[in-house]
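Structure assessment
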Amino acid sequence: MIVRALILIARGWQKGPSAILPPSCRFQPSCSAYAITAWTRYGAGKGSWLALKRIFRCHPWGGQGHDPVP
């Protein structure tokens with residue numbers, strides 16, 4: 001139930017603000033797609049931890065490229 005709510009929020013981001021803003025993702029897949037995969041695969045707790053770690057790496061010195069969910 002919590003995972004569904006989190007996925008709904010991420011999908012809202014993808015269809016709303018993310019669709020309007022210019023693309024600026026440093027990683028493939030995007031952070032929202034990464035979070036959805038992490039929540040689906042690991043649940044709300046560990047999936048959120050993985051998504052937060054990914055978001056915190058999103059800065060000029062944090063790397064770039066293909067970064068799949070482990």
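Everything below is about the structure printed above this text.
First, a word on what this report is: a plain description of the structure on this page. This is a predicted model, so every value here is computed, not measured. For every chain, the first residue of the written sequence is number 1, and numbering continues from 1 along that sequence. The model is predicted, so local features are restricted to residues of pLDDT at least 70 and side-chain atom pairs to those at 80 or more, both for listing and for counting; the totals for chains, interfaces and linings are taken over all residues. Side-chain numbers come from the whole structure's heavy atoms, not from hydrogens or water.

Take the packing of aromatic side chains next. The geometry of two aromatic rings is summed up by the distance between their centres and the angle between their planes. Stacked, edge-to-face and tilted are the three classes for Phe, Tyr and Trp ring pairs, Trp counted by its six-membered ring, which pair at centre distances within 6.5 Å; planes under 30 degrees apart are stacked, over 60 edge-to-face, the rest tilted. Within the structure shown, the criterion is met by zero aromatic pairs. The residue whose ring lies beneath Lys-46 is Tyr-42, and the NZ or CZ to ring-centre distance is 4.5 Å. Ring-over charges, as used throughout, are those where CZ of Arg or NZ of Lys falls within 6 Å of the ring centre and within 35 degrees of the ring normal. The cationic tip of Arg-57 hangs over the ring face of Phe-27; the distance from NZ or CZ to the ring centre is 5.5 Å.

The end-to-end C-alpha distance of helix α3 (residues 31-56), which contains 26 residues, comes to just 10 Å, noticeably less than the 38 Å that a straight helix rising 1.5 Å per residue would cover. For a residue, the bend is simply the angle between two axes, fitted respectively to the seven-residue segment ending there and the seven-residue segment starting there. Starting at the N terminus, helices and strands are each numbered in turn, a helix being any DSSP run of H or I of at least four residues and a strand any DSSP run of E of at least two. Of all the bends in α3, the greatest measures close to 135° and is centred on Gly-43. Burial in α3 covers these residues: Ser-32, Tyr-34, Ala-35, Ile-36, Ala-38, Trp-39, Gly-47, Leu-50, Ala-51 and Arg-54. Here the expected length of a helix is defined as 1.5 Å per residue gap, with one fewer gap than residues. Relative accessibility thresholds used throughout: buried, under 20% of the residue-type maximum; exposed, over 50%; partly exposed, between the two (1.4 Å probe, protein chains only).

It is worth spelling out the nonpolar core at this point. Here the nonpolar core consists of buried residues drawn from Ala, Val, Leu, Ile, Met, Phe, Trp, Tyr and Cys, with membership extended through side-chain atoms lying within 4.5 Å. Among the nonpolar cores identified, the biggest contains six residues, and these are Ile-7, Ala-10, Ala-35, Ile-36, Trp-39 and Ala-51. Where this core is concerned, the elements lending two or more residues are α1 (2-15) and α3. A total of four residues in this core trace back to one element, the largest contributor, which is α3.

The next point concerns a nonpolar patch on the surface. A patch consists of residues exposed above 30% relative accessible area that lack any salt bridge, with like charges linked at up to 9 Å and nonpolar side chains (Val, Leu, Ile, Met, Phe, Trp, Tyr) linked at up to 5 Å. Surface exposure here means Shrake-Rupley accessible area, sampled with a 1.4 Å probe, where a residue is shielded only by the protein chains that are shown. The salt bridge criterion pairs a side-chain nitrogen of Lys or Arg with a carboxyl oxygen of Asp or Glu, the two atoms within 4 Å. The grouping of Leu-52, Ile-55 and Phe-56 at the surface amounts to a nonpolar patch, some 320 Å² of accessible area in total. In this structure, Leu-52 sits in helix α3. Taking relative accessible area as the criterion, Leu-52 reaches 41% and is therefore assigned partly exposed.

Geometric descriptors of this kind do not, in isolation, establish any biological role.
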